[in-house]
Amino acid sequence: MSDTFTEAELVKYVEQAKADALHSFNFLKETGTLSATWTYHITHKIPGQDKLLNIRFPWPWERSRDPVISIDTFSEKKDHILHEARVDADTVIHAHTPYLAAWSLAQINFPILYVAAQRHLLAREIPNHLDRTRSILSIISERLDNHPELAPPPALLESNGGANIWGKGIIGTSQLVLLIEEAARFQSLAEQVGGAKDYTPGALEVQWKRTGLVEKAKQYTGRFIADLLKSEDKQKAA
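In this text the structure is predicted, and so the values were computed from the model without any measurement.

**Comments concerning the packing of helix α2 (residues 98–106) against helix α5 (residues 170–190)**
So, point 1. Between α2 and α5, whose axes approach to 7 Å, the crossing angle comes to 70°. What the angle tells us is that α2 and α5 run roughly perpendicular. Of α5, the residues touching α2 (which contributes Pro-98, Tyr-99, Leu-100 and Trp-103) are Ile-180, Glu-181, Ala-184, Arg-185 and Ser-188.
So, point 2. Of the residues belonging to the contact of α2 with α5, the class tally is 6 nonpolar, 1 polar and 2 charged.

If you want it as structure tokens, here you go:
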């Protein structure tokens, strides 16, 4: 896409984005991924443009079912997470999903222990946004600065609420919403039979080979923030 965008090209791009958003919203709703409020809002950085596309879906009780479209100036949104290049994303979805919301309410980080989700992700956990007085960008940038051994997380749980999940493209990011929520659901069910366990030796390498992430995964030595904090405490005590 060129840096200069005609009005007709912009209209065409927004219409395609709206179609992708509707398709994504429908499959998340139909699969029960979204909670009963159907909370699902998109922000998408239009490539090559200083434009941030917003697509907001109506609440279930609203008579109009059409999503509301608006465009902001991206450079003016100083605290937006998409300014953080290390997350390598152009789309953020704010969604309320039942099982991720449960982890948000528990105010703990979510470890990804489900291979169907992990094979697409380098990060091993999703942090919880406990200090809501700070922006998502501030929280994630600080984490990446302080712990480069941890892969950039694909999301941030909204403490006592939903989740913000980011990725490439509207459909691609919506697929992450489905996979991460499915992980949270299955891991919650696993608690009834002894709890979700860590991956067996070699399992992650097999999964990452399937998606071409195995070499990138070798850049990160950390797994969970709790492991790093325990290690730091041992070093201080020594």
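Moving on, there is more to tell.
**Quick word on the pattern of salt bridges**
So, point 1. Applying the stated rule across the entire model yields 11 salt bridges.
So, point 2. One salt bridge in this structure joins Lys-168 and Asp-88, with 3.3 Å as the shortest N-O distance. Of this pair, Lys-168 sits in the loop between β9 (163–167) and α5 while Asp-88 sits in the loop between β3 (68–73) and β4 (91–95), placing them 80 residues apart in sequence.
So, point 3. Under the relative-accessibility criterion, Asp-88 is labelled partly exposed at 48%.

**A closer look at the environment of His-147**
So, point 1. Tracing the chain through its elements places His-147 in the loop between α4 (136–146) and β8 (155–158).
So, point 2. Accessibility expressed as a relative area gives 11% for His-147, which makes it buried.
So, point 3. Through-space distance from the C-alpha of His-147 to that of Tyr-220 is 9.8 Å; in sequence the pair is 73 residues apart.

**Overview of the nonpolar core**
So, point 1. Residues Tyr-40, Ile-55, Leu-100, Phe-110, Ile-165 and Ile-180 are the most contacted members of the largest nonpolar core, which totals 45 residues.
So, point 2. Excluding residues within four positions of it along the chain, Ile-55 makes contact with Ala-17, Lys-18, Ala-21, Tyr-40, His-41, Ile-42, Pro-67, Val-68, Ile-69 and Ile-170.
So, point 3. Ranked by size, the runner-up nonpolar core spans 14 residues in total, among them Phe-74, Val-92, Ile-139 and Ile-140.

Scoring rules and cut-offs
- The residue numbering used here restarts from 1 in each chain and proceeds along that chain's sequence as written.
- Totals for whole chains, interfaces and linings use all residues, but because this is a predicted model, local features are given only for residues with pLDDT of at least 70 and pairs of side-chain atoms are given and counted only at 80 or more.
- Think of the side-chain values as coming from all heavy atoms in the structure, minus any hydrogens and water.
- Simply put, an axis is a line fit to the C-alpha atoms, just over the touching stretch for a helix, and the angle between two N-to-C directions goes from 0 to 180 degrees.
- Numbering of helices and strands runs from the N terminus, with a helix taken as a DSSP run of H or I at least four residues long and a strand as a DSSP run of E at least two residues long.
- For classification purposes, angles smaller than 35 degrees are called roughly parallel, those larger than 145 roughly antiparallel, those between 65 and 115 roughly perpendicular, and all remaining angles oblique.
- By definition in these notes, contact holds between two residues if any of their heavy atoms fall within 4.5 Å.
- For this classification, Asp, Glu, Lys and Arg are treated as charged, while Ala, Val, Leu, Ile, Met, Phe, Trp, Tyr, Cys and Pro are nonpolar and the rest, including Gly, are polar.
- In the sections that follow, a salt bridge refers to a side-chain nitrogen of Lys or Arg positioned within 4 Å of a carboxyl oxygen of Asp or Glu.
- Between buried and exposed lies partly exposed: a residue is buried under 20% and exposed over 50% of the maximum accessible area for its type, with that area taken using a 1.4 Å probe on protein chains only.
- Here the nonpolar core consists of buried residues drawn from Ala, Val, Leu, Ile, Met, Phe, Trp, Tyr and Cys, with membership extended through side-chain atoms lying within 4.5 Å.

From the geometry alone we can't say anything about function, so treat these as descriptive.
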